[in-house]
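# Geometric and topological summary
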Amino acid sequence: LKLWTVKPCDTLWDISATVYKDPLLWSAIYEANKDKLVDPWILPVGETLVIPELTEKEKEKYIKLSRELMSEMADRPLGPKCPPYVANCTEETPQ
């Protein structure tokens, strides 16, 4: 079982690119952690995410799902990747 602890500025896209070498598999991580994640674009810093092992067939399924989810959310305002206090992607929080 692989786990990932969310750091400031992490995204499912970036995590997927790191662990699977394919950012389009981000929906696999989202689906495996829906009990912890309300929104795939908002990752709580410090949350531990399960990184599922994927078969080739599952990879195809999740690439398709990622594209569908991205299409559905295309018109949604996302805001900045990092909140203002971590704009430089540092571990510091406001005082």
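Just so you know, these numbers come straight off a predicted model, no measurement behind them.

Now for the pattern of salt bridges. With the rule as written, the count across this model stands at 4 salt bridges. Two residues, Glu 31 and Lys 34, come together in a salt bridge whose shortest N-O distance is 3.4 Å. A relative accessible area of 32% places Glu 31 in the partly exposed class. On the basis of relative accessible area, Lys 34 is assigned to the partly exposed category, the value being 45%. With its nearest N and O atoms 3.4 Å apart, the salt bridge here joins Glu 56 to Lys 59. With a gap of 3 residues between them, Glu 56 and Lys 59 both fall in helix 3 (residues 56–72), about one helical turn apart. Given a relative accessible area of 56%, Glu 56 falls into the exposed group. Classification of Lys 59 by relative accessible area gives partly exposed; the value is 25%.

This next bit is on helix 3. Here helix 3 contains 17 residues, and its C-alpha end-to-end distance of 25 Å stays within 8% of the 24 Å for a straight helix at 1.5 Å per residue. Those residues of helix 3 that sit buried are Tyr 62, Ser 66 and Leu 69. Viewed along the axis of helix 3, the buried residues span an arc of 70°, placing them on a single side of the element. When the buried face of helix 3 is taken as reference, the exposed residues oriented beyond 90 degrees from it are Glu 56, Lys 57, Glu 60, Lys 64, Arg 67 and Ser 71.

So, how was this worked out
- Residues numbered from 1 in each chain as written.
- Predicted model: local features only at pLDDT ≥ 70, side-chain atom pairs only at ≥ 80, totals over all residues.
- Heavy atoms only, no water.
- Salt bridge = Lys/Arg side-chain N within 4 Å of Asp/Glu carboxyl O.
- Buried < 20%, exposed > 50% of the residue type's maximum accessible area, 1.4 Å probe, protein only.
- Helix = DSSP H or I, 4+ residues; strand = E, 2+ residues; numbered from the N terminus.
- Expected span 1.5 Å × (residues − 1).
- Arc of directions from axis to C-beta.

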